[in-house]
Amino acid sequence: MNYAKSTYNTLFLANLLLDNKLSKKEILEKFNLLDNKISLATLNNYLKKLKDNKINIKKEGLNFYIDCSNYHFEMTKENIKALNDIKKLILSKKNYKIIRMVMRFFYKISKMITDEELKYELMDFGYYSELNWDLIYKLESHCKNKDIILIDYILPYGANKPIEYHVDKISHSKTSQRLYLEGIIAGTKNFSKLPIDRIYTIKKIIRKKTAFEVEVDILTYKVLKNAWEKAQKDLKEKITDSDENYYTIETPLTDEFYLTQRLFEFCPDLVYISEGKIKDTIIERLEILKKTYDNENKR
């Protein structure tokens, strides 16, 4: 794990120095902005690591930068493996902003590589290579302002449909790499998600900087303390009560699919779910599992 973190931080440093001339103090501040505090000694080790890998680091006064002019990156088998390991690590984090930064860095490195096959391998980020990043930049801006926009949406069978959408944020799927745009579709009351890869374009801005006026339903469930503490944390959840063995949890009902999956994974340590569609779905799934189990035992 320490090796992976070191590799990731070295990559982040290289990306900084490709775009800027920075002092060591400024570099440390950039790391702090990502809640990734490092020491001066650690920074010196990262700089040395870049030089050892034949990255052309130069110094101008107190500032460091990477000089790419008339320079070709030496791509050894070790370098290829290290970069692929970095790619896997970054993708596993599910932070699209960091993934975008790393893709940009890999693109810069690819321009210094003469082998076309290696270039392709370096730049292949699968799903993320197919996204329209210019569109994502625009959506980020609209999410920041909480704008109401009209999008041209591609339906599953190929036709296009205009959708009026009050946008809130961009998020990752809990079960895949897919990115979603969260918000409220005109004429509905609850938050929903649209896959960003199905958004063709933004047709127009209907209204800028619009506050959300919606009451989100709350789901309540009760689960064994040990099971909840071992599960991946969801920052939207709130513990409202507890006893010797159980937590009572409240969470906004904004994503029915995700909540159904989360609660189903808590079974059989789940003892209560508030009334509604999610409870009915989980009961139905458990009954199907029971019938399957009973049928297997009869054989």
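The structure we're discussing is the one just above.
Residues numbered from 1 in each chain as written. Predicted model: local features only at pLDDT ≥ 70, side-chain atom pairs only at ≥ 80, totals over all residues. Heavy atoms only, no water.

A. Focus on the pairing of strand S1 (residues 57-60). Inspection of the sheet shows S1 paired to strand S2 (residues 63-66) by 4 bridges, in the antiparallel sense. If you follow Ile-57 over to S2, its bridge partner there is Ile-66. Between the antiparallel neighbours S1 and S2 lie 2 residues, among them Gly-61 with a positive phi of about 70 degrees. (Pairing = 2+ DSSP bridges. Helix = DSSP H or I, 4+ residues; strand = E, 2+ residues; numbered from the N terminus.)

B. Molecular detail of the layout of surface pockets. Estimated volume of the largest pocket: approximately 1,100 Å³. Surrounding the largest pocket, 35 residues form its lining, His-172, Ser-173, Lys-174, Lys-193 and Tyr-258 being those nearest its centre. Broken down by secondary-structure element, the contributors of at least two residues to the lining of the largest pocket are helix H5 (96-110), strand S4 (160-172), strand S5 (179-185), strand S6 (192-195), helix H8 (225-230), strand S10 (246-252) and helix H9 (256-266). Tallying contributions element by element places H9 first for the lining of the largest pocket, with 7 residues. Its residues assigned to classes, the lining of the largest pocket comprises 12 nonpolar, 10 polar and 13 charged. (1 Å grid on protein atoms, 1.4 Å probe; cavity = no way out; pocket = protein on both sides within 12 Å on 5 of 7 lines; lining within 4 Å. Points joined across faces, edges and corners; volume = space filled by probe spheres on them. Nonpolar A, V, L, I, M, F, W, Y, C, P; charged D, E, K, R; others polar.)

C. Structural context of the nonpolar core. Among the nonpolar cores identified, the biggest contains 60 residues, and Leu-13, Phe-106, Leu-139, Ile-170 and Leu-181 are the most heavily contacted of them. When residues of this core are assigned to their parent elements, the largest contribution, 9 residues, is made by H5. Sequence-distant contacts of Leu-13, that is, excluding residues within four places in its chain, are made with Ile-27, Phe-31, Leu-43, Tyr-46, Leu-47 and Leu-50. Formed by 15 residues, the second largest nonpolar core is a distinct cluster that contains Ala-227, Tyr-247, Tyr-258 and Ile-282. (Core = buried A, V, L, I, M, F, W, Y, C linked by side-chain atoms within 4.5 Å. Buried < 20%, exposed > 50% of the residue type's maximum accessible area, 1.4 Å probe, protein only. Contact = heavy atoms within 4.5 Å.)

D. Quick peek at H9. Residues of H9 that are buried: Tyr-258, Leu-259, Thr-260, Arg-262, Leu-263 and Phe-266. Where H9 is buried, its residues meet strand S8 (218-224), H8, S10, strand S11 (270-273) and helix H10 (277-298).

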